[in-house]
Amino acid sequence: MAVLLERDAFSPLRTGGDERLARDELRRQIARLERELAGLFTEAFPRLALDTSVPAAAPGPRVADLGELERVRDALAGRIAEARAVLADRAELESRNREALARMLADPAAHKWERISRDDLGEPGCGHWHSRPRLGLLGMLMGWWRVKVSSGCPL
Amino acid sequence: MRAQGGWVAPRIATEFPGLGISWAEVDCRPGKSPEPVRRRLRDLSDRFYGGHAIHMRERPIPWAYRVFFRQIGLEPDGTPTPVERLALERLHDGAFKSHGLPADALSIAIAETGVALRAFDADQLQGPLCIRDSAPGESLAGQPHDLPQGTLVIADERSPVGLLFGADAEGKAVDRETRRIAIVSVQVNGVPQMSVDEALWMVATALEST
């Protein structure tokens, strides 16, 4: 142990006070970004599976240096930006699908055979709304269209 | 059970406030888990679903280990934290499968508390355990190459007994000849001491019940 303590006394990590403060700050940022990414990951579930991986800074566990911590911080920030963009795109798509469903419900004949699933709206379950003719072929010829709601799978 | 606190090399402690190691030794032979332990594992399986695994990373203790992994250069999605590895195994296997003692006791405590635990053959350890960085030319017994200098290891007075959150050194792991098991917890910033004590107690009581 004495050898270790002696080695520690001459460690450059210990003498570089400013650098250590910088590493502390980067670690705080990594912790904050990790929390944010975890929140986005759970928010996306189960509609989307977000990739939260970032390249490992080192081949094994070690005190990461400033450059390594910066790379991890930047990669996490990049992942968060990607995740936000994916979630925003998805939210916009779901919003458009909700509007399409409202139009379909208002005028089924104008949306013949269109089908919108709960998944398309970001809702749980596997049901769907389907514009189809009442009484099959007869309804199709007579223009009796309606939106049929499927409750989805039994389980 | 009497938990003992290890030490963290000063410069590592300066870098990672809150990092700690503690352990408890239990007289126990490895082997098939008794029915109460297997039943507890089954009960745990019934309470643990995919949603738990997804939301796990937002809970304080699993999050603390994920953060620490990032901070020491590990990628927690590639090298999962102990509790996340367990969650993945549960989802993959459909249940927490019994692997005998001490593995089952560790699984129960890790899943219940989120604290990182591992076991060593206590008779193969010498002196108090510590977390430190490897010295030049130091290696992990059984590995062909020297450890890169600065690798974080769990060590006893003689040598590294395992990588921090990694492989055990040869001869230090629990095997058929083991008669005394050292349950070791690694605490990181954000993990309450109470959770560490509870985790060690849970493993010790499960092992002592045999």
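Reading the values: rules and limits
- Residues numbered from 1 in each chain as written.
- Chains lettered and ligands numbered in written order.
- Predicted model: local features only at pLDDT ≥ 70, side-chain atom pairs only at ≥ 80, totals over all residues.
- Helix = DSSP H or I, 4+ residues; strand = E, 2+ residues; numbered from the N terminus.
- Rg over C-alpha atoms; globule rule 2.2 N^0.38 Å.
- Buried ≥ 20, exposed ≤ 12 C-beta atoms within 10 Å, placed from the backbone.
- Contact = placed C-beta atoms within 7 Å.
- Nonpolar A, V, L, I, M, F, W, Y, C, P; charged D, E, K, R; others polar.
- Pairing = 2+ DSSP bridges.
- Axes fitted to C-alpha atoms, helices over the stretch in contact; angles between N-to-C directions.

## Here we look at the overall build of chain B
Part 1: Helix and strand counts for chain B come out as 7 helices and 8 strands.
Part 2: The C-alpha atoms of chain B give 16 Å as radius of gyration, which agrees with the globular expectation for 210 residues (17 Å, within 12%).
Part 3: Seen through its C-alpha atoms, chain B measures out along the principal axes to roughly 45 × 40 × 35 Å.
Part 4: The buried share among the 210 residues of chain B stands at 48%.

## Focus on the interface of chain A and chain B
Part 1: Taken together, the contacts link 32 residues of chain A with 32 residues of chain B.
Part 2: Element by element, the count of residues in the side of chain A that touches chain B is highest for helix α3 (residues 17-44) of chain A, at 10 residues.
Part 3: Classifying every residue of the side of chain A that touches chain B gives 17 nonpolar, 6 polar and 9 charged.

## So, the environment of S139(B)
All names here are of chain B.
Part 1: With respect to the secondary-structure elements, S139 resides in the loop between β5 (130-133) and β6 (152-155).
Part 2: What makes S139 partly exposed here is the crowd of 15 C-beta atoms within 10 Å.
Part 3: S139 sits 22 residues away from V161 along the chain, and the two C-alpha atoms are 9.9 Å apart.
Part 4: In this view, S139 contacts H145, D146 and L147; residues no more than four positions away in its chain are not counted.

## Digging into the sheet that holds strand β2 (residues 128-133) of chain A
Residue and element names in this part refer to chain A.
Part 1: If you trace the 3 strands from one edge of the open sheet to the other, you get β1-β2-β3, paired in antiparallel fashion. Edge positions in the sheet fall to β1 (115-117) and β3 (145-150), since each has one partner strand and no second. Mean inter-strand twist for the sheet, computed between neighbouring axes without regard to direction, equals 25°.
Part 2: Where β2 meets β3, 6 bridges bridge the pair, whose relative direction is antiparallel. Along β3, the bridge assignment pairs P133 with W145.
Part 3: Along the sheet, helix α4 (residues 66-106) makes contact with β1, β2 and β3, crossing β1 at roughly 135°.

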